[in-house]
Amino acid sequence: MSKIYNNRFLISRRIVQLLILGLFIASNYYGFKFIRGNLSAAKLFDIVYLADPYAALQMLSAGMLISVDIIIGSLIVLLFYGLFAGRAFCSWVCPMNIVTDTASWVRRKLNFKIASGQYLRVNRKARYWILGLSFIVSAIVGVAAFEFVSPISMLHRGLIYGLGTGWLIVLMVFIFDLLVLKHGWCGFLCPLGAFYSLIGKYSLLRIEHLKDKCTDCNDCKLVCPEIQVLDIIGKKSGYISYGECTNCGRCIDVCEDKALKYSFKKLKL
Amino acid sequence: MGASEHKYNRRETLRKMLGSGGLFAIGGMAWAGYVDEAKKVDLVLRPPGALDELDFQKACIKCGICVEVCPYDTLSLAESGSSIPIGTPYFKPRDIPCYMCTDIPCVVDCPTDALDESLVSIAKENGTVALDINKSKMGIAVLNTETCLAFWGIRCDACYRACPLIDEAITLDLTRNERTGKHAMLKPKINNEVCTGCGMCEHACITEETSIYVLPIAEVKGKVHDQYIKGWEEGDEARIDTTNVYKDTKTNEQSTLDYLNDTESLFEDE
């Protein structure tokens with residue numbers, strides 16, 4: 001029982017991820033109207049559109065006026081993550097998260113001591129440069145540039161509509177995370193993650209740290225894919241304030257001391 | 001912190017900035033180069049109401065809703081490695097043609113207007129706008145007269161019968177069969193202006209490899225220069241006044257006369 005309890009958010013995330021993916025696939029396969037499309041744009045209950053605001057911005061910079069449906073759909077998504085869920089897309093929705101989590105799990109199980117940055121020095125800020133670059137490239141080539149190379153949309157779209165050779169790029173990310181750079185894709189390079197890091201900085205849902213209960217075991221830092229956001233652990237109580245925190249809750253799972261929990265930021269009005 | 005240390009830091013910072021800047025530039029070039037190559041496309045048929053290829057690729061968000069709502073499973077999203085820009089919808093009429101739904105769900109449900117309703121709509125007399133799938137221009141059917149059985153003198157009008165715009169987009173030309181001397185040939189003929197490119201003819205064609213096939217309009221449509229006037233067609237001569245071809249050419253009457261009158265140069269030794 002405690003095993004389930006100690007993985008409760010991991011299990012919930014997998015259920016949510018697979019449920020969302022399953023609903024997309026079932027809607028396509030059986031013609032349900034729950035949620036049609038994919039993570040780039042979707043129609044929910046045949047009523048309202050949802051859209052990937054990052055893709056919409058790329059289209060805008062490629063020189064295309066964005067339709068009203070996409071503007072509204074992007075705003076809904078922006079408001080949901082910006083006000084409420086933070087960077088939760090990355091850990092609760094994105095299908096690549098299962099791939100990269102598996103890579104880091106294998107890393108831990110095989111006890112790889114290749115520290116991040118031993119062979120390849122990459123700055124965690126690189127993703128923001130890639131994010132900026134994606135808009136420049138979109139403007140130059142006149143199409144949404146990241147959408148041509150994104151393993152996220154390739155995997156998600158591929159599972160719904162046919163993958164082709166898209167599994168290769170997914171495997172590339174897996175090997176990169178496993179052998180080259182720990183948490184390399186999600187933690188250093190992915191511009192979509194960078195985008196949601198910027199969006200989610202001021203969201204209400206946050207991880208809260210209670211210093212008084214912390215025993216400095218550092219288990220949380222062992223599993224955290226964005227270890228720099230845990231700088232207050234054992235030092236002071238408070239919310240994890242970084243937008244880069246994916247709200248995955250893995251730190252809460254592994255904390256034996258109940259020194260971490262989800263909580264809503266109290267608004268100071 | 002001494003002055004020398006300052007200098008070292010500045011140099012180090014500059015070096016890092018240049019290094020990262022170089023990586024940024026190279027990465028951007030490689031990325032742009034790849035995407036520019038990957039978006040190149042020809043001979044792919046888009047759903048009805050699609051914008052021109054370049055704009056279509058700009059606008060398509062690759063969500064696949066058009067694929068899902070198509071009741072005939074005509075449309076597919078391009079997989080990576082398929083030589084069609086990844087994630088964009090297309091169809092292959094020999095497998096499944098477009099069956100020309102009158103409510104055009106693929107266009108109506110497109111969230112980005114990459115499939116544009118206005119391109120498959122007509123203005124009605126009472127001022128309202130209504131969907132009209134027959135306005136769509138997915139491509140143009142092209143006929144291979146070498147392999148078309150009707151051109152051999154064998155009776156086949158499968159494409160003509162399959163065409164949703166029978167007697168408009170495909171007509172039958174009745175000609176005499178010179179080989180037998182006593183039979184008729186019923187040769188299919190495509191009207192480019194009317195053909196929508198749905199591909200039902202391609203799907204219906206009975207030859208082993210199809211003898212009638214849909215190509216994207218850009219690959220097929222010919223165009224005559226403006227200065228060619230159909231003098232035998234009433235009204236076409238009026239274009240002489242509006243066409244700009246001659247007016248654009250700068251003529252100098254004097255130099256023309258000089259050229260004609262100057263015979264000296266003819267007698268010059270080389």
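For every chain, the first residue of the written sequence is number 1, and numbering continues from 1 onward in sequence order. To label them, take the chains in the order written and letter them from A, then take the ligands in the order written and number them from 1. At least 70 in pLDDT is required for a residue's local features to be given in this predicted model, at least 80 for side-chain atom pairs to be given and counted, and no such filter applies to totals for whole chains, interfaces and linings, which use all residues. The basis for the side-chain values is all heavy atoms of the structure; hydrogens and waters are excluded.

## Let's talk about the nonpolar core
Operational definition: We define the nonpolar core as a collection of buried residues of types Ala, Val, Leu, Ile, Met, Phe, Trp, Tyr and Cys that are connected through side-chain atoms lying within 4.5 Å of one another. Buried residues are those whose accessible area, probed at 1.4 Å on protein chains only, stays under 20% of the maximum for their type, while exposed residues exceed 50% and partly exposed ones sit between those limits. Secondary structure counts use DSSP, requiring at least four H or I residues in a row for a helix and at least two E residues in a row for a strand, with both numbered from the N terminus. Per the annotation, domain bounds derive from an automatic or database assignment of domains. Any two residues having at least one pair of non-hydrogen atoms within 4.5 Å are treated as being in contact.
Residues Tyr81(A), Phe89(A), Met96(A), Leu192(A) and Leu260(A) are the most contacted members of the largest nonpolar core, which totals 52 residues. When residues of this core are assigned to their parent elements, the largest contribution, 5 residues, is made by helix H5 (residues 88-93) of chain A. Residues from two domains meet in this core; each of domain 1 (2-199) and domain 2 (203-264) of chain A gives at least three. Among residues more than four places away in sequence, those in contact with Phe89(A) are Leu39(A), Tyr81(A), Cys94(A), Leu192(A) and Tyr196(A). Among the nonpolar cores identified, the runner-up in size contains 45 residues, and Ile65(B), Met138(B), Cys198(B) and Met200(B) belong to it.

## What to know about the layout of surface pockets
Worth spelling out the cut-off: A cavity here means a set of points on a 1 Å grid, drawn over the protein atoms and nothing else, where a 1.4 Å probe fits but cannot get out; a pocket is an open set with protein on both sides within 12 Å along at least five of seven lines, and a residue lines either one if it has an atom within 4 Å of a point. Grid points are joined across faces, edges and corners, and a volume is the space filled by probe spheres set on the points. Polarity classes work like this: nonpolar for Ala, Val, Leu, Ile, Met, Phe, Trp, Tyr, Cys and Pro, charged for Asp, Glu, Lys and Arg, and polar for all others, with Gly in that last group.
Of the voids in this model, the largest pocket is the one considered here, and its volume is about 1,400 Å³. What lines the largest pocket is a set of 31 residues, among which Val122(A), Ala126(A), Ile130(A), Leu189(A) and Leu23(B) lie closest to the centre. Tallying contributions element by element places helix H1 (residues 3-38) of chain B first for the lining of the largest pocket, with 12 residues. When grouped by side-chain class, the residues that make up the lining of the largest pocket number 22 nonpolar, 6 polar and 3 charged. Looking at the second largest pocket, its volume works out to about 650 Å³. Lining the second largest pocket are 31 residues, and of these Leu10(A), Trp105(A), Arg108(A), Val223(A) and Arg250(A) lie nearest its centre. Listed by contribution, the elements that provide at least two residues to the lining of the second largest pocket are helix H2 (8-30), H5, helix H6 (96-109), helix H13 (219-223) and helix H14 (250-254) of chain A. When residues of the lining of the second largest pocket are assigned to their parent elements, the largest contribution, 8 residues, is made by H6(A). Its residues assigned to classes, the lining of the second largest pocket shows 9 nonpolar, 9 polar and 13 charged.

## A short note on the domain arrangement of chain B
Residue and element names in this part refer to chain B. Formally: Accessible-area loss on putting two parts together, using a 1.4 Å probe and summing over both, is the definition of buried area adopted here. Each salt bridge in this description consists of a side-chain nitrogen of Lys or Arg and a carboxyl oxygen of Asp or Glu lying within 4 Å of one another.
What the domain assignment reports for chain B is domain 1 (53-135) and domain 2 (140-220). In this structure, domain 1 and domain 2 have C-alpha centres spaced 25 Å apart. Counting each side, the surface lost to burial between domain 1 and domain 2 is near 920 Å², with a carbon and sulfur contribution of 58%. Interface area lost by domain 1 to domain 2 is led by Pro93, Arg94 and Met100, which between them contribute 58%. Linking domain 1 to domain 2 there are 0 salt bridges. For the side of domain 1 that touches domain 2, the per-class residue count stands at 7 nonpolar, 1 polar and 2 charged.

## Observations regarding the side chain of Ser67(A)
The criterion, for reference: Polar contact is the term for a pair of N or O atoms within 3.5 Å; when the atoms are in protein, one must be able to donate a hydrogen and the other to accept it, and sequence-neighboring residues count only if both atoms are side-chain atoms.
Looking at where Ser67(A) falls in the secondary structure, it is placed in the loop between helix H3 (53-61) and helix H4 (68-85). Polar contacts involving the side chain of Ser67(A) include one to the main-chain carbonyl oxygen of Pro111(B), which spans 2.4 Å.

## Topic: the environment of Asp69(A)
Mapping Asp69(A) onto the fold places it in helix H4. With relative accessibility at 30%, the residue Asp69(A) sits in the partly exposed group. For the pair Asp69(A) and Leu230(A), spaced 161 residues apart in sequence, the C-alpha separation works out to 38 Å. The contact partners of Asp69(A), leaving out residues within four places of it in the chain, are Tyr49(A), Cys110(B) and Pro111(B).

## Re the sheet that holds strand S1 (residues 35-37) of chain A
Residues and elements named next belong to chain A. Quick note on the threshold: For two strands to count as paired, DSSP must find a minimum of two bridges between them. What counts as an axis is a line fitted to C-alpha atoms, over the stretch in contact for a helix, and the angles between N-to-C directions run from 0 to 180 degrees.
The strand order S1-S2-S3 describes an open sheet built from 3 strands, whose pairing is antiparallel. Among the strands making up the open sheet, the edge pair consists of S1 and strand S3 (48-51). Put simply, the sheet's adjacent strands are angled 30° from each other on average, direction ignored. Where strand S2 (residues 41-44) and S3 come together, 4 bridges link them in antiparallel fashion. Following the sheet pairing, Lys43 is matched in S3 by Tyr49. The sheet strands contacting H2 are S1 and S2, and the helix crosses S1 at an angle near 75°. Where H4 meets the sheet, its contacts fall on S2 and S3, and the angle it forms with S3 comes to roughly 70°.

## Some thoughts on a positive patch on the surface
Residue and element names in this part refer to chain A. Which entries qualify depends on this criterion: Patch members must show over 30% relative accessible area and no salt bridge, and they are joined within 9 Å when carrying like charges or within 5 Å when they are nonpolar side chains of Val, Leu, Ile, Met, Phe, Trp or Tyr. Areas reported here follow the Shrake-Rupley algorithm with a probe of radius 1.4 Å; residue values treat only the protein chains shown as occluding. Charged residues are defined here as Lys and Arg on the positive side and Asp and Glu on the negative side; His and the ends of the chain fall outside this count. Working definition for charges: the position is that of NZ of Lys, CZ of Arg, CG of Asp or CD of Glu.
Among the surface-exposed residues, Lys3, Arg108, Lys109 and Lys182 lie close enough to one another that they form a single positively charged patch. Here Lys3 lies in helix H1 (residues 2-5). For Lys3, a relative accessible area of 66% gives the class exposed.

## Digging into the packing of aromatic side chains
The following threshold applies: The criterion for an aromatic pair is that two Phe, Tyr or Trp rings (for Trp, the six-membered ring) have centres within 6.5 Å, with stacked assigned to planes under 30 degrees apart, edge-to-face to planes over 60 apart and tilted to the rest. We call a charge positioned over a ring when the NZ of a Lys or the CZ of an Arg lies within 6 Å of the ring centre and within 35 degrees of the ring normal.
The full count for this structure, using the stated rule, is 14 aromatic pairs over all chains. Linked through ring pairs, Tyr54(A), Phe80(A), Tyr81(A), Phe84(A), Phe89(A), Phe135(A), Phe146(A), Phe195(A), Tyr196(A) and Phe264(A) together constitute an aromatic cluster. Over the face of the ring belonging to Tyr5(A) we find Arg8(A), whose NZ or CZ atom lies 4.0 Å from the ring centre. For the cation-ring pair, Lys62(B) lies above Phe148(A), with the distance from its terminal atom to the ring centre recorded as 3.7 Å.

## Examining the packing of H3(A) against helix H12 (residues 191-199) of chain A
Residue and element names in this part refer to chain A. Our working definition: Convention used here: angles under 35 degrees read as roughly parallel, angles over 145 as roughly antiparallel, angles from 65 to 115 as roughly perpendicular, and any remaining angle as oblique.
Viewed as axis vectors pointing N to C, H3 and H12 meet at an angle of 105°, and their least axial separation amounts to 10 Å. It follows that H3 is roughly perpendicular to H12 by the angle criterion. Seen from H3, the contacting residues are Pro53, Tyr54 and Leu57; seen from H12, they are Pro191, Leu192, Phe195 and Tyr196. Residue composition of the contact of H3 with H12, grouped by class: 7 nonpolar, no polar and no charged.

## With respect to the packing of H4(A) against H12(A)
Residue and element names in this part refer to chain A. For the pair H4 and H12, interaxial distance at closest approach is 8 Å and the crossing angle is 65°. By the angle between their directions, the pair H4 and H12 is classed as roughly perpendicular. Of the residues in H12, those in contact with Val77, Leu78, Tyr81 and Gly82 of H4 are Phe195, Tyr196 and Ile199. When its residues are assigned to classes, the contact of H4 with H12 shows 6 nonpolar, 1 polar and no charged.

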